[in-house]
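Examination of the molecular architecture
The residues making up each chain are set out below.
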Amino acid sequence: MAADLGELLVPFMPTIRVPKTGDRVFKSECAFSYDSPESEGGLYVCMNTFLGFGREHVERHYRKTGQSVYMHLKRHVKEKRTGATSGAFPKRRNGKVFLDLELNRDFNSEDYDFEDEAKLVIFPDHFEIALPNIEELPALVTIACDAVLNSPSAYKKQEPDSWEEDIQESRHSRSLRQQDNGVRIRPSGWKCQKCEMRENLWLNLTDGAVLCGKWFFDGAGGNGHALDHYKDTNFPLAVKLETITPDGADVYSFEEEEAVLDPNISEHLSHFGIDMLQMQQRTENGHDTDNNNSPPRSRPSEWEVIQESGSKLKSVYGSGYTGVKNLGNSCYLGCVMQVLFSIPEFQRMYVGNLQRIYDYSPLDPSQDFATQMAKLGYGLLSGQFSKPPMKSELIEQVMKEEHKVLDWHQQKGLSPKMFKALVSKGHPEFSSSRQQDAQEFLQHVITLVERNSGGSENPSDVFRFLTEERVQCCQTRRVRYNQRVDYVMQLPVPIEAATNREELLAYEAKRREAEENQRAPPEPVRARVPFTACLQAFTEPDNVPDFWSSALQAKSAGVKTSRFSSFPEYLILQIKKFTFGVDWIPKKLDFSVDVPDFLDLNRFRATGLQAGEEELPNLSPPIVLPEDTRDNSMSSLDSPEIDEAAVMQLAEMGFPLEACRKAVYYTGNMGPEMAFNWIIAHMEEPDFAEPLSLPSSTIELLPSSASETDPFAAAATTAAPLDNSPPEESVAILTSMGFPRSHTIQALRATNNNLERALDWIFTHPEEEPSDALSDMADTEPTNQAFSSPNSHSDPTLSPDPEGDAAGPRVKDGPGRYELLAFISHMGASTMSGHYVCHIKKEGRWVIYNDHKVSLSERPPKDLGYIYFYRRLSSS
């Protein structure tokens, strides 16, 4: 028999490989579907490419590649018999296990046994060889099979980089001596004992001192007083106050210079009057909620309202009602993709063309954007992974409910590991396991759709629209009209227009009084802002900083207003809920907006140049540099102003002094955090630690400008001359953060060289890939073609810009009347934490998508949304 098996495998030996270091073995998920070893047909792993395929897709891979040998993996899940020992070690068939194959969390190991089965399958005859079969198989085949079985799954290799590090117990935790100094820490209202910082506060576990951390602790801001205190006292351990929960807290050892575990943290905290069980609680999803030391609340929290807690929501199943598993702070991804695949254009592009996309997919479909979009779209829309439980299963579930047993008949949802790995590849934020801004991820996906729709339908066309900006010189009253391409309407929220203004003022007075008297703060009051006030704020004139009037040939006061040059088929409306604190961490403002179900924006359509208006001349600011000014400029370049305090903060972290000086200089003295980002981006460069050397001063004369404020002026006029060049220092600051130079220059031109506004512009305007010819011109000339889609379109509903330039941006224009389709809501204090859910209107009813759970919504919280999606109403 051994000879027969050996002879059978001889023709295929050249195609059988042993996984090497760096090879990814996809033994937990099919490249074309969400089949896994736990699926009915199991999973087939190619013994050459190590890609996994479900039973319906393995034949396609065989026909395309000719690869004949696959390892078939099958995990049998069996419910334990009544009376079985709880927690018994799962049985394994043949004594062989799929080592490092993640245990599906949908199955409780105390209630289910798992039996794993592996065999080789030879196509096209489907000849099967059971494993292990060491004596009968050739040595190479045995080694290859053993390597595949024992290799970690493709995504488990990423976890050390993206999940929590292995934190060790501190050597001081068991011998820590705490001072009996009578210090008691109140439950809230903390501030640093040496400054006014109220965030990133650390409690020294020896003497109870509450002091601020350095800015790089946990990414937050501070003045380093906690570290200074350690240098003065040698008291080694401190706990971050905001992290204390019944489950533990973040502890840092100054002496060991790392985060540590303190097994006696509860006792150490109780010494200062802190009861961990009374501190911040957690929701069932593991997301932080409000501090429970506050007085009893008369209103439900944001978490309760958005998730519709307290309501017995009815689960829904079938096509379009499939949830998405949370991979660990990946709820932003699930919400965005649920909404996108509720739009017919995305359904038609990826699910409607599923077979064509699969048939023409590359040899490695896990790295193909269209394939993974089609896979996710089909998974969400097919209903295959959202089937209602049988009647007997429902009865069984009711019986188990009182014991809180997680039953496998419940909704499980899709696990988008392969999709997330692909779309986040190379992105410093989305590739991590940290929480992200859903709006930024939405823009990122739109950019990927644009880049990967060459020569075919581009579903993101439905979001694209043109915005007209009217800039007016306040002194001469002359104007200029510019256009830019947008995908998102950002709506400001004027808190001063709140209808409960008096209630807000009273709350603020009570909060200050409680803070002064060291009492618990009062229950927060949420501002209620009318949606009409937000629209009014969007259309009101906005001052243009450092406006240079080409009519006066001098700086003057200027104002800017915005209108719609076109209306998209689907309008994305973002409520500007987040701002930046002193530590550069996004913080969320607490307000509600009565967002309407129907929206009419026709009155905000752009009108262009009006009768009686006079245009500003197409002139750029003159560059005047007298000899004395040149000398002063050169001397300032020789001795640039550098924030030495920021330099020393960076140097204390161990970076070379000269590198720290360069980082602070090239980020415009904007603080140590910005400089730290520059260091991370440039530390691999050969001249990283060399002294700062500045280029000589050069003056480049440019033709006259088409716009003082916006690079999209070229999209509005075919004869527009070149724009003024942004300051090279500003370009250097933004490019040091990792943004492309061409995109940076566009951002600066669009915001009149304002750094903060340019940074915001970059995040809200996805970068488009220009052609090679345009890339050469990107630094100097924003031509019309630079703002068109990188893909060709044949859709007859697409129209160029209103000026009729065929090379301009193409948009789907129509009436500005809309109906609310969906909205994404955020819970938590900032985009860096919290949780996202989305509500989508389907078949005339609102549905809530909360990770893997999909239910009918009873009270959709439309006033607390973050991103809203409107569908254009037909003209009829």
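First, a word on what this report is: a plain description of the structure on this page. For every chain, the first residue of its written sequence is number 1, and the numbers climb from 1 along that sequence. In view of the model being predicted, local features appear only for residues whose pLDDT reaches at least 70, and side-chain atom pairs are presented and counted only at 80 or more, with totals across whole chains, interfaces and linings using the full set of residues. Calculated side-chain values reflect all of the structure's heavy atoms, with hydrogen atoms and water omitted.

**A closer look at the side chain of Thr-447**
Rules: Secondary structure elements follow DSSP: runs of H or I no shorter than four residues count as helices, runs of E no shorter than two count as strands, and numbering proceeds from the N terminus. As used in this structure description, the phrase polar contact means that two N or O atoms lie within 3.5 Å; if the pair is within protein, one of them must be able to donate a hydrogen and the other to accept it, and residues adjacent in sequence are counted only when both atoms belong to side chains.
One can find Thr-447 in helix 14 (residues 438-451). At a separation of 2.9 Å, a polar atom in the side chain of Thr-447 contacts the main-chain carbonyl oxygen of Gln-443.

**A short note on the sheet that holds strand 18 (residues 558-564)**
Defined as follows: Following DSSP output, two strands are said to pair if at least two bridges run between them.
With antiparallel pairing, four strands are arranged side by side in an open sheet as 12-11-18-15. Looking at strand neighbours, the two that pair on one side only are strand 12 (479-486) and strand 15 (542-543), the edges of this open sheet. Relative to strand 12, strand 11 (residues 465-473) runs antiparallel, the two being bridged by eight bridges. Bridge pairing links Gln-472 to Val-479 in strand 12.

**A look at helix 20 (residues 672-682)**
Defined as follows: Whether a residue is buried, partly exposed or exposed follows from its accessible area with a 1.4 Å probe, protein chains only, as a fraction of its type maximum: under 20%, in between, or over 50%, in that order. What the arc measures is the spread of directions leading from the helix axis to the C-beta atoms. Contact between two residues is taken to exist if any of their heavy atoms lie within 4.5 Å; hydrogens are not considered.
What helix 20 keeps buried is the set Pro-672, Met-674, Ala-675, Trp-678, Ile-679 and His-682. The arc that holds the buried residues of helix 20, viewed along the axis, is 160 degrees, so those residues lie on one side. Looking at the buried residues of helix 20, the elements they touch are helix 18 (644-651) and helix 19 (657-666).

**Some details on the nonpolar core**
For clarity, the threshold we go by: Definition of nonpolar core: a set of buried residues of the types Ala, Val, Leu, Ile, Met, Phe, Trp, Tyr and Cys, connected through side-chain atoms within 4.5 Å.
Core analysis: the largest hydrophobic core is formed by 78 residues, its most contacted members being Met-337, Phe-346, Tyr-350, Met-373, Phe-441, Phe-463 and Ile-824. Broken down by element, the residue count for this core peaks at eight residues, all from helix 8 (residues 331-340). Each residue touching Met-373, except ones within four places of it in the same chain, is listed here: Met-337, Phe-341, Phe-346, Tyr-350, Phe-419 and Val-449. Judged by nonpolar contacts, the second largest core, of 32 residues, contains Ala-498, Phe-531, Phe-538 and Phe-604.

**Here we look at the pairing of strand 1 (residues 43-46)**
Residues of strand 1 alternate between two faces, with Leu-43 and Val-45 on one and Tyr-44 and Cys-46 on the opposite face, all of them buried. As defined by bridge partners, strand 1 adjoins strand 2 (residues 52-53) across two bridges and the pair is classed as antiparallel. Note on strand 2: the bridge partner recorded for Tyr-44 is Phe-53.

**What to know about the state of the cysteines**
Here is the rule: Any pair of cysteine sulfurs within 2.5 Å is marked as a disulfide.
Applying the stated rule across the entire model yields zero disulfides. In this structure Cys-195 is not part of a disulfide, and its nearest cysteine sulfur, from Cys-192, lies 3.6 Å away. For Cys-195, a relative accessible area of 14% translates into the label buried.

**Observations concerning the pairing of strand 18**
Counting buried positions over the seven residues of strand 18 gives six, a clear majority of the element. With seven bridges joining them, strand 11 and strand 18 adopt antiparallel strand pairing. Residue pairing for strand 18: Gln-472 is matched across the bridge by Val-559.

**Some remarks on the sheet that holds strand 8 (residues 237-240)**
Paired through backbone hydrogen bonds, the strands of a sheet run either parallel or antiparallel to each other. Note the cut-off: With axes taken as lines fitted to C-alpha atoms, and helix axes fitted only over the stretch in contact, angles between N-to-C directions fall between 0 and 180 degrees.
The strand order across the open sheet built from five strands is 7-6-8-9-10, with neighbouring strands paired in antiparallel fashion. The open sheet has two edge strands, strand 7 (210-212) and strand 10 (258-260), and neither has a second partner. Geometrically, the sheet is characterised by an average inter-axis angle of 40 degrees between neighbouring strands, direction not taken into account. Relative to strand 7, strand 6 (residues 201-204) runs antiparallel, the two being bridged by three bridges. For Leu-201, the partnering residue across the bridge sits in strand 7 and is Cys-212. Strand contacts of helix 5 (residues 225-233): strand 6 and strand 7, with the helix running at about 120 degrees to strand 7, the strand carrying the most contacts.

**Regarding the pattern of salt bridges**
Defined as follows: By definition, a salt bridge exists where a carboxyl oxygen of Asp or Glu is found within 4 Å of a side-chain nitrogen of Lys or Arg.
Taken as a whole and assessed by the stated rule, the structure comprises 29 salt bridges. Residues Arg-434 and Glu-429 are paired through a salt bridge, measuring 3.3 Å at the closest nitrogen-oxygen approach. With a relative accessible area of 43%, Arg-434 lands in the partly exposed category. When its relative accessible area of 33% is taken as the criterion, Glu-429 is described as partly exposed. Salt-bridge contacts for Asp-590 lead to Arg-526; the nearest nitrogen and oxygen are separated by 2.8 Å. Of this pair, Asp-590 sits in the loop between strand 21 (586-588) and strand 22 (591-593) while Arg-526 sits in the loop between helix 15 (501-516) and strand 14 (527-529), and the two are 64 residues apart along the sequence. Three or more residues are tied together by salt bridges with common partners; here these are Glu-469, Arg-484, Asp-486 and Lys-560.

**A short note on the environment of Ser-330**
Inspection of the secondary structure puts Ser-330 in the loop between helix 7 (302-306) and helix 8. On the basis of relative accessible area, Ser-330 is assigned to the buried category, the value being 3%. Sequence separation between Ser-330 and Asp-851 is 521 residues, and the spatial gap between their C-alpha atoms is 8.9 Å. Apart from the residues lying within four places of it in its own chain, the contact partners of Ser-330 are Lys-325 and Lys-420. For Ser-330, the side chain forms a polar contact with the main-chain nitrogen of Leu-327, separated by 2.7 Å.

**What about unusual backbone geometry?**
Trans is the common state for peptide bonds, and a negative phi is the common state for residues other than glycine. Pro-124 follows Phe-123 through a cis peptide bond whose omega is 10 degrees. For Pro-124, the location among the structural elements is in the loop between strand 4 (112-122) and strand 5 (127-130). In the segment running from Leu-131 into Pro-132, the intervening peptide bond is cis, with an omega of 0 degrees. Examined against the element boundaries, Pro-132 turns out to sit in the loop between strand 5 and helix 3 (139-150). Unusually for a residue other than glycine, His-126 sits at a positive phi of about 55 degrees. One can find His-126 in the loop between strand 4 and strand 5. You can call His-126 partly exposed: its relative accessible area is 38%. The backbone of Asp-851 sits at a positive phi, close to 55 degrees, despite the residue not being glycine.

**A few points about the environment of Pro-861**
Within the secondary structure, Pro-861 is located in the loop between strand 27 (853-856) and strand 28 (865-872). Given a relative accessible area of 3%, Pro-861 falls into the buried group. Residues in contact with Pro-861, not counting those within four places in the same chain, are Val-305, Ile-306, Glu-308, Phe-823 and His-839.

**Comments concerning the packing of aromatic side chains**
Which entries qualify depends on this criterion: Note on ring pairs: Phe, Tyr and Trp rings are taken, using the six-membered ring of Trp, and paired if centres are within 6.5 Å. Classes follow the plane angle, with under 30 degrees stacked, over 60 edge-to-face and the rest tilted.
Applying the stated criterion across every chain, the model contains 21 aromatic pairs. Pairing Tyr-34 with Phe-385 gives two aromatic rings, centres 5.9 Å apart and planes at 85 degrees, and the pair type is edge-to-face. With Tyr-34 in the loop between helix 1 (2-9) and strand 1 and Phe-385 in the loop between helix 11 (369-381) and helix 12 (391-401), this residue pair connects regions lying 351 residues apart in the sequence. By relative accessible area, Tyr-34 is classed as buried at 12%. Given a relative accessible area of 26%, Phe-385 falls into the partly exposed group. Aromatic pair Tyr-350 and Phe-369: ring centres 6.5 Å apart, planes at 85 degrees, arrangement edge-to-face. One end of the pair, Tyr-350, is in helix 9 (residues 344-351); the other, Phe-369, is in helix 11, and 19 residues separate them in sequence. Like Tyr-350, the residue Phe-369 is buried in the burial classification.

**Points about the packing of helix 18 against helix 20**
How we decide: Orientation is classified from the angle alone, with under 35 degrees giving roughly parallel, over 145 giving roughly antiparallel, 65 to 115 giving roughly perpendicular, and any other angle giving oblique. What makes a crossing left-handed is the near helix being turned counterclockwise from the far one by less than a right angle; a clockwise turn instead makes it right-handed. Three classes are used: nonpolar for Ala, Val, Leu, Ile, Met, Phe, Trp, Tyr, Cys and Pro, charged for Asp, Glu, Lys and Arg, and polar for all others, with Gly counted as polar.
Contact geometry for helix 18 and helix 20: axes closest at 10 Å, N-to-C directions at 50 degrees. The angle between the axes of helix 18 and helix 20 places the two elements in the oblique class. Where helix 18 crosses over helix 20, the two elements pack in a sense that is right-handed. Contact residues: helix 18 offers Ala-646, Gln-649 and Leu-650, while helix 20 offers Pro-672, Ala-675, Phe-676 and Ile-679. Classifying every residue of the contact of helix 18 with helix 20 gives six nonpolar, one polar and no charged.

**Here's the deal with the environment of Phe-604**
As for its placement among the helices and strands, Phe-604 is situated in the loop between strand 23 (598-600) and helix 17 (627-638). The sequence separation of Phe-604 and Phe-564 amounts to 40 residues, and the corresponding C-alpha distance is 6.2 Å. Not counting residues within four places of it along the chain, the set of residues in contact with Phe-604 comprises Leu-535, Thr-539, Arg-563 and Phe-564.

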